[in-house]
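What follows is each chain in one-letter form.
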Amino acid sequence: MVPSSSSSSIPENGQALQTLEWRFSQVFGERTAGEEVQEVDIISAIEFDKYGEHLATGDRGGRVVLFERTDGREYRSRKEIERMDTSSSRHPEYRYKTEFQSHEPEFDYLKSLEIEEKINKIRWCETANNALFLLSTNDKTIKLWKVLERKVKKVSEMNVECSSQLCNGVLGGNLSSHTKFLNSGVVNGSLSRSTSQILSDDFVFPPDGFPSLHLPTVYSNEITYIARCRKVYTHAHDYHINSISNNSDGETYISADDLRINLWNLEISDQSFNIVDIKPNSMEDLNEVITSAEFHPSHCNTLAYSSSKGTVRLIDMRESALCDRHSKLFEEPESPGSGSFFTEIIASISDLKFSRDGRYMLTRDYMNIKLWDINMESAPVATFRVHEYLRPRLCDLYENDAIFDKFECCLSGDGLRAATGSYSNLFKVFGTGAGSEEATTLEASRTPNRRSVQATPPSSGRSLTSFARRGGRRGSDLDLNGANAFSAKLLHLAWHPTANLIACAASNSLYMYYA
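Residues numbered from 1 in each chain as written. Predicted model: local features only at pLDDT ≥ 70, side-chain atom pairs only at ≥ 80, totals over all residues. Heavy atoms only, no water.

Quick look at the pattern of salt bridges
Put simply, the test is: One speaks of a salt bridge when a side-chain nitrogen belonging to Lys or Arg is within 4 Å of a carboxyl oxygen belonging to Asp or Glu. Runs of H or I in DSSP of at least four residues are treated as helices and runs of E of at least two as strands, each being numbered from the N terminus. Using a 1.4 Å probe on the protein chains alone, a residue whose accessible area is under 20% of its type maximum counts as buried, one over 50% counts as exposed, and one in between counts as partly exposed.
Applying the stated criterion across every chain, the model contains 23 salt bridges. The salt bridge partner of R123 is E294, with a shortest N-O separation of 3.9 Å. With R123 in strand β8 (residues 121-124) and E294 in strand β18 (residues 290-295), the pair connects residues that are 171 residues apart, well separated along the chain. Of the two residues, R123 and E294, neither departs from the other in class, the shared state being buried. Across the pair K370 and D365 runs a salt bridge, and its minimum N-O distance is 3.9 Å. Here K370 falls in the buried class, since its relative accessible area comes to 13%. Connected through shared salt-bridge partners, K111, D238, R260 and D277 make up one network.

Have a look at this one:
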């Protein structure tokens, strides 16, 4: 797994794991040269489902796009699939499935506040009755969506061969006009009222019936997907929602904003329980905010949340209804004399992930990603430098607000590697195993191994709340290194739960890489 005395990533032969060679797999929504990207098309959330069969993305326009795994099976014959060696199966491949509008822009008239439609987080729920369920949230409202497959049913026309014998059975001998009217009156397999009235008034059935009359049949050769909003969970957060996480019991989930964490039942949308509340009696005494929260993958009573001070608290919901006391506090001691004005800002944790077995946690702050053993609170078991080259320029990054960018992180399914994003559409993959020195920098493009020169990031929108920022100001865009060429940043990425495949968002484009 990851470094520990009980488990090691070094194989039995004593050799360390080989560095993975990453290759380009797919891209969706790739920009052409000179194409202007619309703000609403920028991807803001990525999430694989539990088994990696589906992938969901959310964007700033409030839309959710679903992709399904194919692996090229639809292009192969049955014999070719049977001949395929399962041990050397292809890497996961995906295709577009469907999309729907999850959130719309709203306005809170009581607080005179605009609520944008941007999707902050997406989480998959358990599948039931061949339908997909997922949670999506913007700043204030969480929704439970059900996506199901429907076959489009059509009714074939009746076929009557006009002959003299049959025409004699129709008043006036005009069978074709009655047949056309009969066909036009078939709706979903039934006759309209006007059609049945004409049949009863004008139509005379011959004694021997119509031997050439084919009754309408229902057929379906087209599949469509329907997204239905099952539940809307609202009016529970005064501050912007930054996290949602499903519980392993399959019945509950948590939502977190800057100061509170609420526990919900998926079937009850009008009631939630506040389990964490760090709001002080006076807001002047506020010195930290909640930045991320995550349920333990297998222990339904355990969850962790991170703060803007760089700490992670593990809480046990069995201890009390209001979990104002943590069971464990994970915090790296500050080196004497290393503090500065920017220390607390760059220590703020932007993302928190559990390993699949729940033994380890991965956190991302502005400068590093850290791997924690939940049995060791004193210090992380490993620290991986991501933005160390930016340390001399923290003042410039503060002036243009780039220091407040929130980067996500992810762990591989086996826990042997971790990945996170950076600037210039770069992302980094680190080996977390004992003795591993794997550190690969890749670019979100069709040629991921093309190394780009590290550059100081340009200005970007403020991403932390004013509470965490503590009176920061917005400066003008700085032209560092004589250019603004590295304006792109890779904030969102996800690792396939069982395969070495990473999906990452570069602006409005979704790139996938496999190893």
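Having seen the structure, we can now continue with the description.
Some points on the confidence of the model for the protein
For clarity, the cut-off: Residue-level confidence of the predictor is what pLDDT reports, using numbers from 0 through 100. Should any heavy atoms of two residues lie within 4.5 Å, those residues are counted as being in contact.
Mean pLDDT over the protein works out to 82, with 75% of the residues at or above the 70 mark. Every residue in residues 161-192 is under pLDDT 50, and counting partners more than four places away or in other chains gives 43 contacts.

A look at the sheet that holds strand β30 (residues 493-495)
Worth spelling out the cut-off: When DSSP finds at least two bridges between two strands, those strands are taken to pair. Only C-alpha atoms enter the line fits that serve as axes; for helices the fit covers just the stretch in contact. Angles between N-to-C directions range over 0 to 180 degrees.
Strand order across the open sheet formed by four strands is β1-β32-β31-β30, with antiparallel pairing between neighbours. Each of the sheet's edge strands pairs with one partner strand only, and the pair in question is β1 (23-28) and β30. Sheet twist, expressed as the average angle between the axes of neighbouring strands with direction ignored, equals 20°. Two strands pair when backbone bridges link them, and β30 and strand β31 (residues 501-506) are joined in this way by three bridges, in the antiparallel orientation. Opposite A494, over in β31, you have A503 as the bridge partner.

Some points on the nonpolar core
Filter applied, for reference: Here, nonpolar core refers to any group of buried Ala, Val, Leu, Ile, Met, Phe, Trp, Tyr and Cys residues whose side-chain atoms link them within 4.5 Å.
The biggest cluster of nonpolar side chains holds 17 residues, and the ones touching the most others in it are W22, F427, V429, L493, I502 and C504. Listing elements by their share of this core, those giving two or more residues are β28 (426-431), β30, β31 and β32 (509-514). C504 has contacts with I46, F427, A444, L490, H492, L493, S509, L510, Y511 and Y513, leaving out every residue within four places of it along the chain. Ranked by size, the runner-up nonpolar core spans 15 residues in total, among them Y366, A402, I403 and Y423.

Brief notes about the environment of I403
As for its position among the elements, I403 is in the loop between α6 (394-399) and β26 (409-411). Expressed as a C-alpha distance, the spacing of I403 and I345, which sit 58 residues apart in the sequence, is 7.6 Å. Excluding residues within four positions of it along the chain, I403 makes contact with F342, I345, I346, Y366, L394, L397 and Y398.

Describing the packing of aromatic side chains
Stated formally: In this scheme Phe, Tyr and Trp rings, the latter by its six-membered ring, pair at centre separations within 6.5 Å, and the angle between planes marks the pair as stacked below 30 degrees, edge-to-face above 60, and tilted otherwise.
Following the criterion strictly, the structure yields 20 aromatic pairs and no others. Look at W22 and W495: their rings are 5.6 Å apart centre to centre, the planes differ by 80°, and that puts the pair in the edge-to-face class. A residue pair is termed long-range when its members are at least 10 positions apart, and W22 in the segment before β1 and W495 in strand β30 qualify at 473 residues. For the pair W22 and W495, a shared accessibility class is recorded, and that class is buried. Considering the side-chain rings of F67 and Y96, the 6.4 Å spacing of their centres and the 80° angle between planes classify their relative orientation as edge-to-face.

Remarks on the layout of surface pockets
The following threshold applies: Any residue with an atom within 4 Å of a point lines the site, the site being either a cavity, points on a 1 Å grid over the protein atoms alone where a 1.4 Å probe fits but cannot get out, or a pocket, an open set with protein on both sides within 12 Å along at least 5 of 7 lines. Grid points are joined across faces, edges and corners, and a volume is the space filled by probe spheres set on the points. Each residue gets one of three labels, nonpolar for Ala, Val, Leu, Ile, Met, Phe, Trp, Tyr, Cys and Pro, charged for Asp, Glu, Lys and Arg, and polar for the others, Gly among them.
As a volume, the second largest pocket reaches approximately 1400 Å³. Tallied by class, the residues present in the lining of the second largest pocket amount to 21 nonpolar, 14 polar and 13 charged.

Structural notes on the sheet that holds strand β20 (residues 312-316)
Here we have four strands laid out as an open sheet, ordered β18-β19-β20-β21, and antiparallel in their pairing. A single partner strand is all that each edge strand has here, and the edge strands are β18 and β21 (328-330). Along the sheet, successive strands turn relative to each other by an average axial angle of 20°, direction set aside. In terms of strand pairing, β18 meets strand β19 (residues 302-307) through five bridges, oriented antiparallel. Paired with S292 across the strands is S306, a residue of β19.

Re the side chain of K353
Definition in use: Polar contact criterion, stated in full: a pair of N or O atoms within 3.5 Å, where within protein one must be able to donate a hydrogen and the other to accept it, and residues adjacent in sequence count only if both atoms are side-chain atoms.
Relative to the helices and strands, K353 is located in strand β22 (residues 351-354). Looking at K353, its side chain comes within polar contact range of the main-chain oxygen of C409, at 3.4 Å.

So, unusual backbone geometry
At N130, a residue that is not glycine, the phi angle is positive and equals roughly 60°. Along the chain, N130 falls in the loop between β8 and β9 (132-137). Looking at N130, the relative accessible area reads 77%, which means it is exposed. In this structure, H235 takes a positive phi of about 60° despite not being glycine. Residue placement: H235 occurs in the loop between β13 (218-233) and β14 (243-246).

Regarding the environment of E222
Mapped onto the elements, E222 comes out in strand β13. Classification of E222 as partly exposed rests on a relative accessible area of 40%. Separated by 71 residues in the primary sequence, E222 and K151 have C-alpha atoms spaced 5.9 Å apart. Discounting residues that sit within four places of it in the chain, E222 has contacts with R150, K151, V152 and K154.

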